[in-house]
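Per-entry structural report
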Amino acid sequence: MCGIIGYLGGREATPILMESLKRLEYRGYDSAGVAVLELPRAGEAVRTSVTKSEAKVDTLIAKLKMNMPSGNLGIGHTRWATHGKPTYVNAHPHTDCKGKIFVVHNGIIENFAELKAELEAAGHEFPSDTDTEVVPHLIEANYKGDFLAAVRAALKRIKGAYALAMFSSDDPELLVGARLNAPLVVGIGDNEYYIASDITAIIPYTKRVLVLGEGEVAAVTPLGAEVSTLDGVTVNPKIVHVDWDVSQAQKGGYPHFMLKEINETPEALANAMRGRLTDDGTVSFREFDVADKQLRRIDDILLLGMGTSRHAAMIGEYVIEDWSGIPARAEDASEFRYRRPTVGEKTLGVVISQSGETADTLVAMQQAKARGALSVAVTNVVASSAARDADGAIYLHAGPEIGVASTKTLHAHIVSLYLLAMRLADVKGRVSPERKRELVEALRLPVALEGALKLKEISYIHAEGTSGGELKHGPIALLDDQFPVIAICTAGTTKDKMVSNVHEIVARNAPVLALITKGDRSLNGVATDVFEIPEVDEAAAVVLNTVVLQLFAYHVAVKLGQDVDQPRNLAKSVTVE
Ligand code: AGP
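Residues numbered from 1 in each chain as written. Predicted model: local features only at pLDDT ≥ 70, side-chain atom pairs only at ≥ 80, totals over all residues. Heavy atoms only, no water.

A few words now on the pairing of strand 10 (residues 193–196). Remember that side chains alternate between the two faces of the sheet whenever the strand is regular. Here strand 10 shows no split at all, with Tyr193 and Ile195 on one side and Tyr194 and Ala196 on the other all buried. Here four bridges tie strand 1 (residues 3–8) to strand 10, and the two strands are oriented antiparallel to one another. Looking at strand 10, one finds that Ile5 is bridged to Ala196. Inspection of the sheet shows strand 9 (residues 185–188) paired to strand 10 by four bridges, in the antiparallel sense. Looking across to strand 10, one finds that Val185 is bridged to Ala196. (Buried < 20%, exposed > 50% of the residue type's maximum accessible area, 1.4 Å probe, protein only. Helix = DSSP H or I, 4+ residues; strand = E, 2+ residues; numbered from the N terminus. Pairing = 2+ DSSP bridges.)

Pasting the structure below:
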């Protein structure tokens, strides 16, 4: 997700913003910018210098060095695009009509379209395509001379997720931060203060931070930081002493990015659904805004992906076919491209790619499009090749995934495909709860494949993923007391069949770790060990089971001393054929 830095103190702000943005580059981004309130020269009015780059932070720094803004108050940002392509205009900071209020943001404003329309009707103009830009204009619309009060009033209107740093040129000694469903910290230096999206940005300057709570606002002045709620109720947050180095801070204190990103799964799932699923179950995709009539014509769903994304495609195949009744097929993109596939104008090509740059997947999509298919890219990178080449995009909004092994983005893909399945089912006028329950049972197979892939790619131990039914058609020959098995036996219509499989496995002396639903005793004394999964809707169990398999692979790899985040021979994005 985006990186945020704000500074107020006795030193020049610009060098601090530049250094901090360099330390935030690890989060992944596509553009950057800073705003510095310049000290007025004699007789001149206060002005704010804004410098942006639609490229790397180094490009921004080169621009700043050519004409270094001088001032003690400033904010900076590295943008991981969610709404609006990575362009100069969309780069942060964003400002109000008068160029007095400056804001940088991390998160997703779910109701920005509604707020934007309201503000446009009141005469506000929006040069950018971002959701962020409504924030300075909303503050402006509420400004009656008290910047902090205007910020509180504006944030009360906002739904979704935000971490914000902002200032007004009318208040040259006030830096404001606020957060909701996105992290933000206030760094306490010696008569200087910082606001940052994560500790990494400020760790060389201070190890004393205030961690803002949900819905809280920090008002920073040279006298200190005051924290309050949106209703103005004072909050006394505790000061935390952080003794991490930069590397530890980048991993949020976790030993590896992979473990940090597995733990980011809940936020990734929330972001994948944010603003797309209304309370009455209606699904909409802002960047894949296809009319019901056009979707109703679709009679064939083709899902294309590689590796983990292919496993997501397999889950999508089950879900979409069962919920919508439209025949669906998940294809290995590298094979698909060499066939003469049956694809036509009634085909929806669903291209699944975290990076949006996987060569085989891109070529396969081009072939499907050439045969007349409507295409949608389900990807984590805004304006990636897949997103640009497809007719529409469903963005994961999962934030950057630094570990080579896909973890949180798999779950974001699964949820995005559930939403697409619901959209198609609604358009086709068919979906029934009991049918959903049957289907999710079938989702186990890709989960086993994914667990096997994780084990292979980070611990280098060979693993097989198979359905329970397939076991007796070959894989059972592998079993002996040296061949451990993980059996997914969580509640569902085929659970009893899986229990029988476990008995057959144990009969061949193979150790079994069984994933079971909490409270289920059927495998006690049978499986070598059991791992309890909370009793959840079976669609959610797909995610929980996969998280367990990812954690299992992670801990095995760590125990073996492997390079968890950068496994040998692998790249995060396979952009060559
Ligand atoms: C899985 O952990 C790997 N990261 C790899 O299989 C990956 O899923 C595959 O290379 C596809 O990448 P993409 O999602 O960026 O297209």
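The strand order 17-16-18-19-20 describes an open sheet built from five strands, whose pairing is parallel. On the outer flanks of this sheet lie strand 17 (328–332) and strand 20 (392–395), each paired with one strand and no other. If you compare each strand with its neighbour and ignore which way they point, the axes differ by 20° on average. Note: strand 18 (residues 347–353) against strand 19 (residues 374–379), six bridges, orientation parallel. Note that in strand 19 the partner of Ile352 across the bridge is Val378. Together, strand 16 (300–305), strand 18 and strand 19 form the strand contacts of helix 12 (residues 359–370), whose direction differs from that of strand 16 by roughly 160°. In the packing of helix 14 (residues 408–427) onto the sheet, contacts are made with strand 16, strand 18, strand 19 and strand 20, and the angle to strand 18 comes to roughly 165°. (Axes fitted to C-alpha atoms, helices over the stretch in contact; angles between N-to-C directions. Contact = heavy atoms within 4.5 Å.)

What surrounds the ligand is a group of 14 residues, the closest being Ser309, Ser353, Ser355, Thr358 and Glu457. Residue Gln354 places a main-chain N or O atom 2.7 Å away from an oxygen atom belonging to the ligand. About the coverage of the ligand: the protein hides 92% of its 410 Å² of free accessible area. Sort the elements by how many residues they give to the shell around the ligand and helix 10 (residues 307–324) lands first, with three residues. Along the lines of polarity and charge, the residues of the shell around the ligand split into four nonpolar, eight polar and two charged. (Near = heavy atom within 4 Å. Polar contact = N/O pair within 3.5 Å; in protein donor to acceptor, adjacent residues only side chain to side chain. Areas by Shrake-Rupley, 256 points an atom, 1.4 Å probe, with all protein chains shown as cover. Nonpolar A, V, L, I, M, F, W, Y, C, P; charged D, E, K, R; others polar.)

Applying the stated rule across the entire model yields 23 salt bridges. In this structure, the salt-bridge partner of Glu25 is Lys22, at a minimum N-O distance of 2.8 Å. Judged by its relative accessible area of 21%, Glu25 falls in the partly exposed class. With a relative accessible area of 34%, Lys22 lands in the partly exposed category. Among the ionic contacts, a cluster of salt bridges with common partners joins Asp300, Arg329, Glu331 and Arg339. (Salt bridge = Lys/Arg side-chain N within 4 Å of Asp/Glu carboxyl O.)

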